[in-house]
Amino acid sequence: MRIIVQNAKCQGHARCAAHAPHIFKLDDAGYILPGNIEVAEGEELTASRGARSCPERALKLDREPCSTS
Amino acid sequence: MENPVPDHVPPEMVRDFSLFTSPGMSPTPNGDPHAAVACVHSGPPIFYSPLNTRDGRGTWVITRASDQRRVLQDTETFSSHRSIFASALGENWPMIPLELDPPAHGAFRSLLNPLFSPKRVAALEPAVRERAIRLIDGIAASGTSCDVMKDFAFPFTVNIFLHLLGLPDDRIDTFVGWGRDLLHGDDVKRPAAARTIVSFIDELAAARRNDLLDDFMTFVVQAQVEGRRLTKQEVRGVGVLVFVAGLDTVAAAIGFDLAYLARNLKDQELLRSEPGRIVAAAEELLRAYPTVQLIRVATKDIDFEGAPIRKGDYVSCATMIANRDPAEFECPNTVDLAREDNRHATFGYGPHRCLGSHLARREIVVGLEEWLARIPAFRIKNGTAPITSGGHVFGIENLILDWS
Ligand code: HEM
Ligand code: SF4
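Overview of the structure.

**Here's the deal with the overall build of chain B**
Next up, step 1: Scanning chain B from terminus to terminus reveals 15 helices and 15 strands.
Next up, step 2: Projecting the C-alpha coordinates of chain B onto the three principal axes gives extents of approximately 60 × 55 × 40 Å.
Next up, step 3: Pairs at least 24 apart in sequence give 69% of the contacts found in chain B among residues at least 6 apart.
Next up, step 4: With the model as given, the accessible surface of chain B reaches about 16500 Å², and the carbon-plus-sulfur share is 52%.
Next up, step 5: A gap of 2 Å separates the mean positions of the 43 positive and 52 negative side-chain charges of chain B.

Dropping the structure here:
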């Protein structure tokens, strides 16, 4: 599973990081770091909770098994 | 009344509703202004309220949370530039960053973000907790009843805030009085309080320019945006906003939360016996009892979900309305302390998302944790009634609790 991060929509609510700081990493101002997030096996539930907690809808779940990049 | 509905507003879109004048909005003993506004969801998603600002202007009212997000995220169409504070003084300067739109907003916001970031707030937590414990221990030692607002919520939150700003806390009562007059005062008290706050901030900035300290105003007078120092007017815009935004909001939240728990003993006992639930519970109480109405100004004509919004119209996004939207929250009028996916609008949406949100959340959680750990089962004292009010910022004046 992968989380698509739309940085332009992030407004620094930090709700994602409140659920899972190790998955959703923030910069010093409290906004999410750029780049999509590959979710490790076993972390899917926590990661989707975190993604669903974003008030701005900046995080999207991509459940397609990731192609080898 | 001299606020006729503008010609472009179809009469059938006008509703007799207002955060200032509807039932339950004026100061009411045992009132529940949040429940009173939730009733708009039985009507149309957007309507026009002819009298929905303090100075008697009409606004469009956006009721759906998803539409509020669209408005607040689209700063090109819906501007935040309106000098609400200054216009009360017959002046025209923006509170910063609130009344600046992107891209100008971004430079100032980036400057301030690190001061209120989650990391910075985590570092402040021990001091916040110590302050809460000291106050509550004092209350517990002196009897079995107190006025939460006067004895805990205000001294707790305002003290933390004044420390952050580098202001002396022997003047808490003065500052709280200014805030009360500004937010809830009449037509005489309001501009007088605004004027007092502006001179206070101007003088504070001047003092820090002469004598640098390690505090917020020193930071602001020294800070640079786009390679230059802030002008005096910009320093004032930042100082006044942060002062006003942080003075009363967290105290009101704590008051509404403890009032809920005083009336719902099962929930109170649940949180007391399982304090691990307090973080999620505080989030739900923030959803159920938000305090702020956001106002935007249309920069151009736009037909928005069937509403003919015209350039210059005011558009209201009231967080207390969004948070009771049944399309977004299951059983929105029920407080469910374990609610999941709680993406409430309490701190706004879009680039103006509350700068103090991380601090506010920490203060509320720490306040509830320490209160519940130290005060046994509490109720609203017999014969007393908390007075609540609506308006631009919802408030609770008094909350006499009893645990005898
Ligand atoms: C529970 C307490 C609080 C609530 C409910 C709250 C709510 C809000 C809301 C809804 C906004 C958005 C306004 C808009 O977009 O028009 C906002 C903005 C703001 N808040 Fe708070 N606030 C709280 C506490 C604080 C505190 C403690 C501070 C002090 C640092 C603060 C500072 C600010 C500032 C500076 C802005 C403007 C941000 C910008 O325009 O970029 N707030 N607040
Ligand atoms: S919850 Fe959303 S807005 Fe907040 S930091 Fe995470 S991605 Fe950004």
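**Some points on the interface of chain B and chain A**
Size of an interface: often given as the accessible area lost when the parts come together.
Next up, step 1: Chain B puts 21 residues into the contact, and the matching count from chain A is 17 residues.
Next up, step 2: Interface area for chain B against chain A, summed over the two sides, is near 1600 Å², with a carbon-plus-sulfur share of 41%.
Next up, step 3: On the surface where chain B and chain A come into contact, there are five salt bridges.
Next up, step 4: Between Arg57(A) and Glu328(B) there is a salt bridge whose closest N-O contact spans 2.9 Å.
Next up, step 5: Looking at the side of chain B that touches chain A, the elements that each hand over two or more residues are helix H2 (65-73), helix H5 (118-141) and helix H15 (357-374) of chain B.

**Considering the packing of aromatic side chains**
Residues and elements named next belong to chain B.
Next up, step 1: With the rule as written, the count across this model stands at 17 aromatic pairs over all chains.
Next up, step 2: Through successive ring pairs, a cluster of aromatic residues spans Phe152, Phe156, Trp371, Phe378 and Trp403.
Next up, step 3: In this arrangement the basic side chain of Arg69 is found over the ring face of Tyr349, its NZ or CZ atom lying 5.2 Å from the centre.
Next up, step 4: When the ring centre of Trp93 is taken as reference, the NZ or CZ atom of Arg236 above it lies at 5.2 Å.

**Brief notes about the pattern of salt bridges**
Residues and elements named next belong to chain B.
Next up, step 1: With the rule as written, the count across this model stands at 32 salt bridges over all chains.
Next up, step 2: In this structure, the salt-bridge partner of Asp151 is Lys150, at a minimum N-O distance of 3.7 Å.
Next up, step 3: As a salt-bridge pair, Arg310 and Asp303 come within 3.6 Å of each other at their nearest N and O atoms.
Next up, step 4: The exposure class of Asp303 is exposed, given its relative accessible area of 56%.

**A closer look at empty space enclosed by the protein**
Next up, step 1: Following the criterion strictly, the structure yields three cavities of 30 Å³ or more and no others.
Next up, step 2: For the largest cavity, the calculated volume is near 110 Å³.
Next up, step 3: If you add up the space inside the second largest cavity, you get close to 50 Å³.

**A word on the coordination of the iron atom of ligand 1**
Next up, step 1: Among protein residues, the single donor to the iron atom of ligand 1 is Cys354(B) (SG), with a metal-donor distance of 2.2 Å.
Next up, step 2: Note that Cys354(B) resides in the loop between helix H14 (319-322) and H15.

**Some details on the environment of Leu33(A)**
Residue and element names in this part refer to chain A.
Next up, step 1: Mapped onto the fold, Leu33 is located in the loop between helix H1 (15-19) and strand S2 (37-38).
Next up, step 2: Separated by 26 residues in the primary sequence, Leu33 and Asn7 have C-alpha atoms spaced 7.7 Å apart.
Next up, step 3: Excluding residues within four positions of it along the chain, Leu33 makes contact with Val5, Asn7, Lys25, Leu26 and Asp27.

About the cut-offs
Residues numbered from 1 in each chain as written. Chains lettered and ligands numbered in written order. Predicted model: local features only at pLDDT ≥ 70, side-chain atom pairs only at ≥ 80, totals over all residues. Heavy atoms only, no water. Helix = DSSP H or I, 4+ residues; strand = E, 2+ residues; numbered from the N terminus. Contact = heavy atoms within 4.5 Å. Areas by Shrake-Rupley, 256 points an atom, 1.4 Å probe, with all protein chains shown as cover. Lys, Arg positive; Asp, Glu negative; His and termini not counted. Charge placed at Lys NZ, Arg CZ, Asp CG, Glu CD. Buried area = accessible area lost by both parts, 1.4 Å probe. Salt bridge = Lys/Arg side-chain N within 4 Å of Asp/Glu carboxyl O. Phe/Tyr/Trp six-rings, centres within 6.5 Å; stacked < 30°, edge-to-face > 60°. Lys NZ or Arg CZ within 6 Å of the ring centre and 35° of its normal. Buried < 20%, exposed > 50% of the residue type's maximum accessible area, 1.4 Å probe, protein only. 1 Å grid on protein atoms, 1.4 Å probe; cavity = no way out; pocket = protein on both sides within 12 Å on 5 of 7 lines; lining within 4 Å. Points joined across faces, edges and corners; volume = space filled by probe spheres on them. Donors = N, O, S within 2.8 Å, 3.2 Å for Na, K, Ca; no water.

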